[in-house]
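# Results of the structural survey
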Amino acid sequence: MSAITFNPWNNTNPLSTVNPNLLHRILITLSPTEINFVTLQTYSPERGKSQRFYVDKTAILSLLSGERSSFLDSDLNNYIHLRFDGSILSCKAVWLSVNSCDDVKGHVQRFTIPASALHRVLSGQTVTHVSHTNEPLPKSRLVFSDGAQAAIKRYSSDKRTRRALSKFFRDNLNYGKDKLINVYPDSYANGFYICSPITGFNGGIILHKGSVKHYGFPKVSFSLHT
C-alpha cells in the first residue's frame, strides 16, 4: 500500500505561530482499511485533529458512479453528509462529543475533495488534500437590553463565569454584520434569550456549571441553544 502524505503547515504549535493565510484551510486525510471502509480525518490549526470517521467504500462508489448524488452517514457521535456533483465531493462533517452529564458539544466543518483523490484512495493509497474554506463571517450586530446588561454585570462578579461569558461572545453569533440580534435576560433558563427582528432567528444562551472530569475542579461554560 503506497502513501502520498505531506504536512503543509509542518507546525503543531498554537495558532499564534501559524501563518494567518493557513488558518482557513483544512487538511483531509483519506486512508483505506483492510475491510470495506475508508477513514476520513481532518486537521486544522483552529480545531486540531478530528476523530477518524469510517465511510463505507460502497457509498463512495455509488457517488462516483452517479447512482446517488448525496449520502448521509454516522459514526459514533459524529455525522457526515457527502454530495457529489461529478468532479468535486462536498462534505459537511459534524463532530460531536457527549460528556457524563449528556451535554453535547461540537463543531461543523465544511470542505471539498476532488474526485481524483477518491479514486486514489479506492485504489489503496492514503491521500491527503488541503481544502480552502471560506473566511468566517464577522460578528452580528448585538443589542443588549438594560436587563441583559445588568445580567452581564452580575455574571461578571465571578471570575470563571466572566471568562466563560467572554469566550462565548468571542466564538459565537458570527452570522454577518448585516444580521441584528437582540439579547435579553432569561432568568428562568439561567442565561439569555436572543432573537433577530429581521429574520426571526431565536434561541437561548444557557449557563452550564459542573466540574472537570477526573479532577473535580469547577467548570463554567455558556452554550447556544436554538
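In this text the structure is predicted, and so the values were computed from the model without any measurement.

What follows covers helix H3 (residues 146-155). Among the residues making up H3, those that are buried are Ala148, Ala151 and Tyr155. Looking straight down H3, one finds its buried side chains confined to an arc of 60°; they lie on one side. Facing away from the buried side of H3 by more than 90 degrees, the exposed set consists of Asp146, Lys153 and Arg154.

Moving on, we get to unusual backbone geometry. One non-glycine residue, leucine 76, lies in the positive phi region at around 60°. Within the element layout of this structure, leucine 76 appears in the loop between strand E6 (70-75) and strand E7 (78-84). By relative accessible area, which is 68% here, leucine 76 ends up exposed.

Turning our attention to the confidence of the model for the protein chain. Residues with a pLDDT of 70 or more make up 84% of the protein chain, whose mean pLDDT is 82. Mean pLDDT values over the elements of the protein chain span from 38, in strand E1 (residues 3-4), up to 94, in strand E5 (residues 53-56).

The grouping of Lys159, Arg160, Arg162 and Arg163 at the surface amounts to a positive patch. Judged by its relative accessible area of 40%, arginine 162 is partly exposed.

What follows covers the pattern of salt bridges. It is possible for side chains bearing opposite charge to pair when their charged atoms get close. Within the structure shown, the criterion is met by one salt bridge. The partner of aspartate 171 in a salt bridge is arginine 170, with the nearest N and O atoms 2.7 Å apart.

Among the structural elements, threonine 29 can be located in strand E2 (residues 25-32). Along the chain, threonine 29 and arginine 52 lie 23 residues apart, while their C-alpha atoms are 9.3 Å from each other.

The next subject is the sheet that holds E6. With respect to topology, four strands assemble into an open sheet ordered E6-E7-E8-E9, the strand pairing being antiparallel. The open sheet has two edge strands, E6 and strand E9 (104-114), and neither has a second partner. The average angle at which neighbouring strand axes cross in this sheet is 15°, direction not considered.

Cut-off values and rules
Residues numbered from 1 in each chain as written. Predicted model: local features only at pLDDT ≥ 70, side-chain atom pairs only at ≥ 80, totals over all residues. Heavy atoms only, no water. Buried < 20%, exposed > 50% of the residue type's maximum accessible area, 1.4 Å probe, protein only. Helix = DSSP H or I, 4+ residues; strand = E, 2+ residues; numbered from the N terminus. Arc of directions from axis to C-beta. pLDDT = per-residue confidence, 0-100. Patch = residues over 30% accessible without salt bridge, like charges linked within 9 Å, V, L, I, M, F, W, Y side chains within 5 Å. Areas by Shrake-Rupley, 256 points an atom, 1.4 Å probe, with all protein chains shown as cover. Salt bridge = Lys/Arg side-chain N within 4 Å of Asp/Glu carboxyl O. Lys, Arg positive; Asp, Glu negative; His and termini not counted. Charge placed at Lys NZ, Arg CZ, Asp CG, Glu CD. Pairing = 2+ DSSP bridges. Axes fitted to C-alpha atoms, helices over the stretch in contact; angles between N-to-C directions.

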